[in-house]
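# A look at the structure
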Amino acid sequence: MDTLETSKSLDKELYSRQLYVLGLPAMRRIQGAKVLLSGLQGLGAEVAKNLVLMGVGSLTLHDPHPTCWSDLAAQVVVLTASRLEEQLRVGTLCHEHGVCFLMADTRGLVGQLFCDFGKNFTVQDPTEAEPLMATIQHISQGSPGILTLREEADAHHFHTGDWVTFSGIEGMVELNGCDPRPLHVREDGTLEIGDTTAFSRYLRGGAVTEVKRAKTVSHEPLDTALLQPRVVAQSPQEVHRARCLHQSFRSLHKFQQLHGRPPKPWDPVDAEMVVDLAQAMGPLKGTEGEPLEEQLDESLVRTVALSSAGGLSPMAAVLGAVAAQEVLKAISGKFMPLDQWLYFDALDCLPEDGDPFPNPEDCAPRRCRYDGQTAVFGADFQEKLSHQHYLLVGAGAVGCELLKGFALMGLGAGGSGGVTVADMDHVELSNLSRQFLFRSQDIHRQKAEVAAEATRRLNADLQVTPLNLQLDPTTEHIFGDDFFSGVDGVAAAVDTFEARDYVAARCTHFLKPLLEAGTTGTRGSAGVFIPHVTENYKAPSDAASEDAPDPVCTVRYIPATTEHTVQWAKGEFDDLFCESAKTINSHPHALSSPEGLVKSQKQPLLQTMRGVLTERPQTWRDCVLWALGHWQLRFHYGITQLLRTYPPDKVQEDGTPFWSGPKQCPQPLEFDASQDTHLLYVLAAANLYAQMHRLPGSQDQTALRGLLNLLPLPDPQNLDRIFASELELDSPSGCKQLHEDLKTWSKGPSLEPLTFEKDNDSNFHVDFVVAAASLRAQNYAIPVASHAETKRIVGRIIPAVVTTTAAVAGLVGLELYKVVGGPRPRHAFRHSYLHLAENYFSRWVPKAPDIQKELQGLRVTMLLHGSAQLYSAGWSEEKQARHLSRRVTELVKKEPGQRVLVLELGYEGEEYDTNFPRLHYKL
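Residues numbered from 1 in each chain as written. Predicted model: local features only at pLDDT ≥ 70, side-chain atom pairs only at ≥ 80, totals over all residues. Heavy atoms only, no water.

## What about the overall build of the chain?
Spelled out, the test is: Counting from the N terminus, the helices are the DSSP runs of H or I reaching at least four residues and the strands are the DSSP runs of E reaching at least two. Summary of the burial criterion: residues with accessible area below 20% of their type's maximum are buried, those above 50% are exposed, and those between are partly exposed, where the area comes from a 1.4 Å probe applied to protein chains only. Contact criterion: two residues are considered in contact whenever any of their non-hydrogen atoms come within 4.5 Å of each other. All accessible-area figures derive from a Shrake-Rupley calculation using a 1.4 Å probe, and residue coverage is judged against the displayed protein chains alone.
A tally of helices and strands in the chain yields 30 helices and 28 strands. Going through the 923 residues of the chain one by one, you find that 53% of them count as buried. Restricting the contact set of the chain to residue pairs at least 6 apart, pairs at least 24 apart contribute 72%. As displayed, the chain offers around 42000 Å² of accessible surface, 51% of which is attributable to carbon and sulfur atoms.

Below is the structure:
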């Protein structure tokens, strides 16, 4: 027995992607938890790996031979690869002592998971979604009070029965910070919030926020749940299949008890004995305790028994991921646990009905690392798998899990096989909590190289070739005809839809199967795309809109959402501390005359960067003065000037108020050094301004607060000049003084452009964006984003946990079995989607490929195979007819090295041109 313990201090950078999924309170509970894991075969090792990466405080690893259960101090006990007698004994002990109990097992292509968290288990946070938040348009006085929300980009998703609280309201202040109130959604979309008759009259602003409420679940002990199973399924058909699989596992345990061994691989006699045992068990009971009148699917039980002797790494990856997620639910109270049995099967990996199953001799043990896989698919299949050559695009979280799976499966571990992994990124600290092939000493090294080295340690026979490149149009000279002609398939583990689209397009062009997977938090998907068999890959319809920026005018002048304020703040950072420095460093000719300054279109940028200073800053005090002036410009004077142009009572030509709907009338802020956000803005802005000018900064907030109390606010005339320039309201003649000032001001050393870095919390980059976005939100009465949420938005960070990553990699591995196994019909393949937080699992058959026919008006002038002519428009009509009536395979015998036909196209009525495009077809 061995116990692993982690440090008690939480490294927020290491677990940054995971924190966006679980939150800090749940991570604290995970870090202080104790878990006992018994059974360290493939499935147990997967569970252990996931728990260690996610930061569980103490993990005790137990060898089940011999069994000793004197220590039940753990909060969670997990059994894998255990006998039923042991499961019942340990499950009973755990239930009696209030210890959460999990049991997981895989048999060939079928897996089961059982959870017992006791009679009264409290789920602190049932869902993964962040609490809903919306901006208030109006609240009426009355019984009930009617809450109207602003018409933002996304409609609110509040439901009757939700509980909410309020903040930032002006006027009806009695609601601010009140106890949670229940909502009732009316037919017109407004919300009833209870009696507001005695409250003050609502004036403006404010936000309503959902309050998540804890839930209590009750689980039965294993001895009861065996006979009266509650199964997780998405349809009645899946429920029936799960119950038949439940009976299959019970009969496999009974067979082991009677014969002292599991059924032999693909032994029909043993399989029939298992079927007989399942039939003799009698019916299961329903939720009310009554016997279920369901017919046992004998064919399903028989197939399970025939293929049950093997152990498959993709199955261990899927079940190990789900089991680890359930452990985290038990120790963190985050997300609803399974209720109570989950059955997962991938029997669709076996040959189709009518095709011969593997024979027992081919599946017999050979005393090698692949015996578990051979027991299911046979030695011939294993040999075929070893000679595959695959391209893996991406060595990040999913990519590392896929590489691990390839090594355990033996993909490309033969003499002529291999895996080429392409990735141009470097290892970062945040990778270490999700990508177990990397270690702390690998930080800043190339991901592809590190992953290849680690994979070779897992399986020295696997030929892994790292390429520090990305797949895009700039590398097509490398990943071209010659490269793809030697590849059997492609696995994509990239993190943008644009990258997926490109990889998919290359696979379509070269007629290669594509396996792809992706995750966001506890959501994950895996897809398989086979040329001429399934549909081609298509990015989700909303992918383009997610990546598209909001209109500039909306972000700059009429923000309506938290995202708008963060986008605006990031733009401020780039303009003030990066683009302005680049402009002065790279374009001195723009300062040669006032006219040149105007033509450069950089006048507003340069004027704002200079701000209230007429000369370069020389001291920390100068930088603080500039930062204070910019605060006043952006959050007070700029808003005041905007309201002069668009006053609060402005009416549009159609008679509607200008400030209505999503356009919230802003209010100027008054600078107050005692307010933390005001101080943080000046601190961050002054330090960044100092860095850009290569001056020393300061982190002394007390001294800064004292200095700000002594500094006068900037002269409004200076701010008026800056504001007019920014809105391009000034005439070219107004640039003369600015030109003279900047001409002198730019004579010093080059400035330091600051490139935004999201993962360094000590450089003031994120601090500036957080403070600027918060103040902007206060101007427009928009809900303020937290530091973590701002960092996620501005850094375009994808929340991630290793459990989802491992699960989708396992799902890809299952489809790989089918692709390698040989030609299969479309209904044999599966796309997959899972949501671990909500216990949702779905697999479905891909759509058929699109068939598009379009007349192009092209004429085939010549058909070649190597140097041999198969057809030519210059031949006689008799020879043309003789060749056209025959199949290509009748004219050509494929030889090694002859891989493609070349079809040369010419346009009707034109002379043949050798520069016409060539279309390549694999024989």
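## Regarding the sheet that holds strand 8 (residues 133-139)
What counts is decided by this rule: Strands qualify as paired when DSSP identifies two bridges or more between them.
Overall, antiparallel pairing links the seven strands, which are arranged 11-10-14-8-9-13-12 in an open sheet. Unpaired on one side and paired on the other, strand 11 (181-182) and strand 12 (184-185) mark the two borders of the sheet. Alignment of strand 9 (residues 146-149) against strand 13 (residues 191-192), held across two bridges, turns out to be antiparallel. Of the residues in strand 13, the one forming a bridge with Ile146 is Glu192.

## Section: the confidence of the model for the chain
Which entries qualify depends on this criterion: pLDDT expresses how confident the predictor is about each individual residue, on a scale running from 0 to 100.
Per-chain confidence: the chain averages 85 in pLDDT, with 85% of residues scoring 70 or above. With pLDDT under 50 throughout, residues 66-72 is counted as low confidence; its partners more than four residues away or in other chains account for 18 contacts.

## Some details on the pairing of strand 4 (residues 76-80)
Side chains on a regular strand alternate between the two faces of the sheet. Under the convention used in this document: Whether a crossover is right-handed depends on one test, that the path from the first strand over the helix to the second runs clockwise when the strands point away from the viewer.
When you tally the buried positions in strand 4, you get five out of five residues, the bulk of the element. Neither face of strand 4 is open: one carries Val76, Val78 and Thr80, the other Val77 and Leu79, and all of them are buried. As defined by bridge partners, strand 4 adjoins strand 5 (residues 100-107) across five bridges and the pair is classed as parallel. Bridge assignment links Val76 to a residue of strand 5, and that residue is Cys100. The parallel pair strand 4 and strand 5, bridged by helix 4 (residues 84-97), forms a crossover whose chirality is right-handed.

## Some points on the packing of helix 21 (residues 620-645) against helix 26 (residues 765-779)
Definition in use: Fitting a line to C-alpha atoms yields each axis, with helices limited to the stretch in contact; the angle taken between N-to-C directions then spans 0 to 180 degrees. Convention used here: angles under 35 degrees read as roughly parallel, angles over 145 as roughly antiparallel, angles from 65 to 115 as roughly perpendicular, and any remaining angle as oblique.
Direction vectors running N to C along helix 21 and helix 26 enclose 10°, while the axes themselves pass 11 Å from each other. When the interaxial angle is binned, helix 21 and helix 26 end up roughly parallel. Contact residues: helix 21 offers Trp631, Arg634, Phe635 and Ile639, while helix 26 offers Ala772, Leu775, Arg776 and Asn779.

## Regarding helix 9 (residues 313-332)
The periodicity of an α-helix, 3.6 residues per turn, causes residues three or four places apart in sequence to face the same way. What counts is decided by this rule: The span one expects for a helix is its residue count, reduced by one, times 1.5 Å.
If you check helix 9, its first and last C-alpha atoms are 28 Å apart, about what 20 residues at 1.5 Å a residue would give, namely 28 Å. Counting buried residues in helix 9 gives 20 out of 20 residues, a clear majority hidden from the surface. Positive backbone phi, approximately 70°, marks Gly333, located one or two places after helix 9.

## Let's talk about helix 6 (residues 236-259)
With 24 residues, helix 6 ought to run about 34 Å at 1.5 Å a step, and its terminal C-alpha atoms sit 35 Å apart, in line with that. Phi turns positive one or two residues past the end of helix 6, at Gly260, with a value near 70°.

## Some points on the pattern of salt bridges
Short version of the rule: Think of a salt bridge as a Lys or Arg side-chain nitrogen and an Asp or Glu carboxyl oxygen that are within 4 Å of each other.
Scanning all chains against the criterion turns up 32 salt bridges. Two residues, Lys212 and Asp125, come together in a salt bridge whose shortest N-O distance is 3.0 Å. Taken as a pair, Lys212 in the loop between strand 14 (207-210) and strand 15 (215-217) and Asp125 in the loop between strand 7 (121-123) and strand 8 lie far apart in primary sequence, 87 residues in all. The class of Asp125 is buried, set by a relative accessible area of 15%. Residue Arg792 is joined to Glu789 by a salt bridge in which the shortest nitrogen-to-oxygen separation is 2.7 Å. Of this pair, Arg792 and Glu789 both sit in helix 27 (residues 787-794), three residues apart, which is roughly one turn of that helix. According to the relative accessible area criterion, Arg792 is partly exposed, its value standing at 24%. What emerges from the salt-bridge pattern is a single network uniting Asp348, Glu815, Lys818, Arg830 and Arg843.

## Some details on the packing of aromatic side chains
Condition: Two aromatic rings from Phe, Tyr or Trp, using only the six-membered ring of Trp, form a pair when their centres are within 6.5 Å; if the ring planes differ by under 30 degrees the pair is stacked, by over 60 it is edge-to-face, and anything between is tilted.
Taken as a whole and judged by the stated rule, the model has 28 aromatic pairs. Relative to Phe510, the ring of Phe484 has its centre 4.5 Å away and its plane inclined at 5°; by these criteria the two rings are stacked. Here Phe484, found in helix 14 (residues 481-485), pairs with Phe510, found in helix 15 (residues 497-510); they are 26 residues apart in sequence, far enough to count as distant. Residue Phe510 is classed as buried on the basis of its relative accessible area, which comes to 14%. Aromatic pair Tyr681 and Phe768: ring centres 5.2 Å apart, planes at 40°, arrangement tilted. Of the two residues, Tyr681 sits in helix 22 (residues 676-692) while Phe768 sits in helix 26, which places them 87 residues apart along the sequence.

## What about a negative patch on the surface?
Our working definition: Like-charged residues are merged into a patch within 9 Å and nonpolar side chains (Val, Leu, Ile, Met, Phe, Trp, Tyr) within 5 Å, provided each residue has over 30% relative accessible area and no salt bridge. Working convention for charge: Lys and Arg count positive, Asp and Glu count negative, and His plus the chain ends are omitted. Every charge is mapped onto a representative atom, which is NZ of Lys, CZ of Arg, CG of Asp or CD of Glu.
On the surface, Asp11, Glu13, Asp425, Glu428, Asp495 and Glu757 cluster together to form a negatively charged patch. Position of Glu428 among the secondary structure elements: in the loop between strand 18 (418-422) and helix 13 (447-458).

## Comments concerning the side chain of Gln247
For clarity, the threshold we go by: A 3.5 Å cut-off defines polar contacts: any pair of N or O atoms within that distance qualifies, except that in protein one atom must be a possible hydrogen donor and the other a possible acceptor, and neighbouring residues in sequence count only when both atoms are side-chain atoms.
Note that Gln247 resides in helix 6. For Gln247, a relative accessible area of 6% gives the class buried. At 3.3 Å, the side chain of Gln247 and the backbone oxygen of Gly282 are in polar contact. Those residues within four positions of Gln247 in sequence are excluded, and the remaining contacts are Ala278, Met281, Gly282, Leu284 and Leu296.

## A few points about the sheet that holds strand 18
Reading across the sheet, the eight strands line up as 19-18-17-20-21-22-23-24 and stay open at both edges, with mixed pairing between neighbours. Two strands bound the open sheet, and with one partner strand each, they are strand 19 (464-467) and strand 24 (840-844). Averaged over neighbouring strand pairs, the angle between their axes works out to 10° when direction is ignored. Where strand 18 and strand 19 come together, four bridges link them in parallel fashion. Pairing of Val419 across the sheet is with Val464, part of strand 19. Contacts between helix 13 and the sheet are confined to strand 18 and strand 19, with strand 19 contributing the most and set at about 170° to the helix. This element, helix 28 (residues 802-821), spans strand 17 (389-393), strand 21 (514-520), strand 22 (523-529), strand 23 (831-835) and strand 24 of the sheet and lies at about 165° to strand 21.

## Considerations on the packing of helix 21 against helix 22
Just so we agree on the cut-off: Here a crossing is called left-handed whenever its near helix is offset anticlockwise from the far helix by less than a right angle, and right-handed whenever the offset is clockwise. Only Asp, Glu, Lys and Arg are considered charged in this grouping, and only Ala, Val, Leu, Ile, Met, Phe, Trp, Tyr, Cys and Pro are considered nonpolar; every other residue, Gly among them, is considered polar.
It is at 8 Å that the axes of helix 21 and helix 22 come closest, and there the two elements cross at 125°. With respect to helix 22, the axis of helix 21 lies oblique. Seen along the crossing, helix 21 lies across helix 22 with a hand that is right-handed. For the pair helix 21 and helix 22, the contacting residues are Trp620, Cys623, Val624, Trp626, Ala627, Leu628, His630, Trp631 and Phe635 in the first and His678, Tyr681, Val682, Leu683, Ala685, Ala686, Asn687, Tyr689 and Ala690 in the second. A breakdown of the residues in the contact of helix 21 with helix 22 according to their chemical character gives 15 nonpolar, three polar and no charged.

## What about the pairing of strand 14?
Covered by surrounding structure in strand 14 are Ala207 and Thr209 together with Val208 and Glu210, the residues of both alternating faces. Across three bridges, the pairing between strand 8 and strand 14 is antiparallel. Looking across to strand 14, one finds that Met133 is bridged to Thr209. Strand direction decides the pairing type here: strand 10 (residues 163-167) and strand 14, joined by four bridges, are antiparallel. Across the sheet, residue Phe166 finds its bridge partner in strand 14, namely Val208.

## Looking at the environment of Ser140
Looking at the secondary structure, you find Ser140 in the loop between strand 8 and strand 9. Here the alpha-carbon distance between Ser140 and Thr196, two residues 56 residues apart in the chain, equals 7.5 Å. Apart from the residues within four sequence positions on either side, Ser140 is in contact with Gly145, Ile146, Met172 and Thr196. A polar contact is formed between the side chain of Ser140 and the backbone nitrogen of Ile146, at a distance of 2.9 Å.

## Here's the deal with the environment of Thr287
Mapped onto the fold, Thr287 is located in the loop between helix 7 (268-280) and helix 8 (298-306). Taking the relative accessible area as the measure of exposure, Thr287 reaches 62% and is therefore exposed. Counting along the chain gives 58 residues from Thr287 to Pro229, while the straight-line C-alpha distance between them is 8.0 Å.

## Quick notes on the side chain of Lys512
Position of Lys512 relative to the elements: it lies in the loop between helix 15 and strand 21. Looking at Lys512, its side chain comes within polar contact range of the main-chain oxygen of Phe484, at 3.1 Å.

## Details of unusual backbone geometry
Between Ser143 and Pro144 the backbone carries a cis peptide bond, its omega angle lying at 5°. Its location among the elements puts Pro144 in the loop between strand 8 and strand 9. With omega at -20°, the peptide bond leading from Asp339 into Gln340 counts as cis. Turning to its location among the elements, Gln340 is positioned in the loop between helix 9 and strand 16 (341-345). Phi at Leu511 takes a positive value of approximately 55°, unusual for a residue other than glycine. Structurally, Leu511 can be placed in the loop between helix 15 and strand 21. On the basis of relative accessibility, which here comes to 29%, the residue Leu511 falls in the partly exposed class.

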